[in-house]
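# Tertiary structure, described
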Amino acid sequence: QQQVKQSPQSLIVQKGGISIINCAYENTAFDYFPWYQQFPGKGPALLIAIRPDVSEKKEGRFTISFNKSAKQFSLHIMDSQPGDSATYFCAASSPWGTDKLIFGTGTRLQVFP
Amino acid sequence: EADIYQTPRYLVIGTGKKITLECSQTMGHDKMYWYQQDPGMELHLIHYSYGVNSTEKGDLSSESTVSRIRTEHFPLTLESARPSHTSQYLCASRDSSRETQYFGPGTRLLVL
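Residue numbers run consecutively from 1 along every chain, following the written order of its sequence. Key to labels: chains lettered from A, ligands numbered from 1, both in the order written. The predicted origin of the model limits local features to residues at a pLDDT of at least 70 and limits the giving and counting of side-chain atom pairs to 80 or more, whereas totals for whole chains, interfaces and linings rest on all residues. Each side-chain value is derived from all of the structure's non-hydrogen atoms; neither hydrogens nor water enter the calculation.

Looking only at helices and strands, one finds zero helices and 11 strands in chain A. Beginning at the N terminus, the succession of helices and strands in chain A can be written as β-β-β-β-β-β-β-β-β-β-β. Taken over C-alpha atoms, the radius of gyration comes to 14 Å for chain A, in line with the 13 Å a tight globule of 113 residues would show. In terms of principal-axis extent, the alpha carbons of chain A reach across some 45 × 30 × 20 Å. In this scheme, a residue with accessible area under 20% of its type's maximum is buried, one over 50% is exposed, and one in between is partly exposed, where area comes from a 1.4 Å probe on protein chains only. Taken over 113 residues, chain A has a buried fraction of 46%. Numbered from the N terminus, helices here are DSSP runs of H or I no shorter than four residues, and strands are runs of E no shorter than two. Throughout, radius of gyration means the C-alpha value; the globule benchmark is 2.2 Å times the number of residues raised to the power 0.38.

Once that is clear, we can look at a nonpolar patch on the surface. Residues and elements named next belong to chain A. Taken together, Ile18, Ile20 and Met78 make up a surface patch of nonpolar side chains, about 240 Å² in accessible area. With respect to the secondary-structure elements, isoleucine 20 resides in strand 3 (residues 19-25). Classification of isoleucine 20 by relative accessible area gives partly exposed; the value is 36%. Each patch is built from salt-bridge-free residues with over 30% relative accessible area, joining like charges within 9 Å and nonpolar side chains (Val, Leu, Ile, Met, Phe, Trp, Tyr) within 5 Å. Only the protein chains shown count as cover for residues, with accessible areas throughout obtained via the Shrake-Rupley method and a probe of 1.4 Å. A carboxyl oxygen of Asp or Glu within 4 Å of a side-chain nitrogen of Lys or Arg is what we treat as a salt bridge.

Moving on, we come to the confidence of the model for chain A. Values of pLDDT, which run from 0 to 100, indicate the predictor's confidence residue by residue. Scored by pLDDT, chain A has a mean of 92; 94% of the residues are at 70 or more. By mean pLDDT, strand 10 (residues 102-103) of chain A is the weakest element of chain A at 91, and strand 8 (residues 72-77) of chain A is the strongest at 98.

What follows deals with the interface of chain A and chain B. If you look at the interface, chain A gives 18 residues, while chain B gives 22 residues. Accessible area that two parts lose when put together, with a 1.4 Å probe and added across both, is what the buried area reports. A combined buried area of about 1,700 Å² lies between chain A and chain B, and 48% of that area is made up of carbon and sulfur atoms. Applying the counting rule to chain A against chain B returns two salt bridges. Definition of a polar contact: a pair of N or O atoms within 3.5 Å, with one able to donate and the other able to accept a hydrogen when the atoms are protein atoms, and with sequence-neighbouring residues admitted only if both atoms are side-chain atoms. Our count for the chain A to chain B interface comes out at five residue pairs in polar contact (both at pLDDT 80 or more). Taken together, the residues of the side of chain A that touches chain B break down into eight nonpolar, six polar and four charged. Contacts are assigned to residue pairs that have any heavy atoms within 4.5 Å of one another. All amino acids are sorted into three groups, where Ala, Val, Leu, Ile, Met, Phe, Trp, Tyr, Cys and Pro are nonpolar, Asp, Glu, Lys and Arg are charged, and the leftover types, Gly among them, are polar.

This paragraph deals with the state of the cysteines. Working definition: a disulfide is two cysteine sulfur atoms within 2.5 Å of each other. Counted under the stated rule, the structure contains two disulfides over all chains. Disulfide partner of Cys23(A): Cys90(A), at an S-S distance of 1.9 Å. One disulfide, between Cys23(A) and Cys90(A), carries an S-S torsion of -95 degrees and so falls in the left-handed class. Of this pair, Cys23(A) sits in strand 3 while Cys90(A) sits in strand 9 (residues 86-92), and the two are 67 residues apart along the sequence. For Cys90(A), a relative accessible area of 0% translates into the label buried. Bridging Cys23(B) to Cys91(B), the disulfide has an S-S length of 1.9 Å. When the S-S torsion is -75 degrees, as for the bridge of Cys23(B) with Cys91(B), the disulfide is left-handed. Here Cys23(B) is found in strand 3 (residues 19-25), whereas its partner Cys91(B) is found in strand 9 (residues 87-94), with 68 residues between them in sequence. For Cys91(B), a relative accessible area of 0% gives the class buried.

Here it is as structure tokens:
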């Protein structure tokens, strides 16, 4: 079974701090790794995504670090803000077969002022 | 901002009732998906469609059925609702040329 393992399950960070969420995958055929942000009562929304040909991608305060050899990728939120409080899901997909997204179990982030 | 809509947003219904959850998108996306998500938990794919008259079951077994008669419309039907169907149902769509899936706001279903 294709899996994406995500940790931690929950994270509490002080305002201005760095939030780090980690994911690991098993299937080396995966070639697209997005992070989704979900607020309560809303559907997930794409935050940032990366492909395995780069080791890092940054968009504003959000950075994905990708380690192909370790089959791991992580989301870093710099200068975390209370408005970042949400559940974050990593995911992975491959170009073969049905190109379905396989989601991690989610991390609930709480940023306190 | 993606234009994908789901109705109803909340539904409380008794056991044995037939229900249809609506999902529509105005972006002309050919691929559409249904996910089931318990509160705060991961998303599980239950159905997907690659175009009109194309539907497939996802990774998580579901007693629901779907249809895709029009590109923009992907309804999900439960013939006989049970308390075990209580969950949030999320619809998503994407264009084949892009990888981003756009999600609707979800329908929270409670079966009594």
